[in-house]
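# An overview of the molecular structure
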Amino acid sequence: SGLPHPDGTTVISLSPADVRKEGASFDLPIALAMIAAAEGLPKQQLNGVMSVGELRLDGTVRPVKGILPTAIHARQKGARALLVPAENAGEAATINGITIFGITNLSEAVAIIKNPASFLPVRNISVEELYESYNEIENFRDVKGQAFAKRALEIAAAGFHNVLTL
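Overview of the structure. (Residues numbered from 1 in each chain as written. Predicted model: local features only at pLDDT ≥ 70, side-chain atom pairs only at ≥ 80, totals over all residues. Heavy atoms only, no water.)

Moving on, we come to the overall build of the chain. Counting its regular elements, the chain contains six helices and five strands. Helices and strands appear in the chain in the N-to-C order α-β-β-β-α-β-α-β-α-α-α. Expressed along its principal axes, the backbone C-alpha trace of the chain runs to roughly 60 × 35 × 35 Å. Out of the 166 residues belonging to the chain, those deemed buried represent 26%. Long-range pairs, those at least 24 residues apart, make up 53% of the contacts in the chain with a sequence separation of at least 6. On the chain, roughly 11300 Å² of surface is accessible, and the fraction owed to carbon and sulfur atoms is 55%. (Helix = DSSP H or I, 4+ residues; strand = E, 2+ residues; numbered from the N terminus. Buried < 20%, exposed > 50% of the residue type's maximum accessible area, 1.4 Å probe, protein only. Contact = heavy atoms within 4.5 Å. Areas by Shrake-Rupley, 256 points an atom, 1.4 Å probe, with all protein chains shown as cover.)

Next up on the list: the sheet that holds strand S4 (residues 81–85). Across the sheet, three strands lie side by side as S1-S4-S5; this open sheet has parallel pairing. Single-partner strands in this sheet number two, and they are strand S1 (49–51) and strand S5 (99–103). For this sheet, the mean inter-axis angle between neighbouring strands, taken without regard to orientation, is 25 degrees. Where S4 and S5 come together, five bridges link them in parallel fashion. Bridge pairing links Leu83 to Phe101 in S5. (Pairing = 2+ DSSP bridges. Axes fitted to C-alpha atoms, helices over the stretch in contact; angles between N-to-C directions.)

Here we come to the pattern of salt bridges. For the structure on display, the rule yields one salt bridge. Salt-bridge contacts for Arg62 lead to Glu54; the nearest nitrogen and oxygen are separated by 3.3 Å. (Salt bridge = Lys/Arg side-chain N within 4 Å of Asp/Glu carboxyl O.)

Time to look at helix H2 (residues 67–76). Listed as buried for H2 are Ile67, Ala71 and Ala74. With its buried residues spanning 60 degrees around the axis, H2 presents them on a single face. Along H2, the residues that are exposed and aim more than 90 degrees away from the buried face are Pro69 and Gln76. On its buried side, H2 packs onto S1, S4 and helix H3 (89–92). Positive phi appears at Gly78, one or two residues downstream of H2, with a value of about 85 degrees. (Arc of directions from axis to C-beta.)

Okay, here's the thing in structure tokens:
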């Protein structure tokens, strides 16, 4: 991403140790903290901003699970803004009282934190609007026949396996 990082070794502690941490949701906040530690981002601009997202090695942000409770928690803690993966922005936008920014990469997250006024936040939507947008996506119920293929895909999804389509 071409962003600065601290020199030397960095140790990141996710305390308390007795609380299980799962997934890659902390990638984006950790990266932003490291950029701020390297003085690539003024630390005071991070005040009131929460973020969540999985980072790929090329700096793109991937969606994460549990975005709705995260947005509720951010609002309860008084955050002024929440940076979420663009794919999760619609779901997070169902929570009123917090500004949601959907981001696609680490550089965009830094730019939003530095100058939030130059970016449009995701507009708040109702749960009904979100549900209707999901209904527009093609669904398994639209597939007629192909029982063997559908069963294979269900097994793959249940095991959290990838599927390659040709």
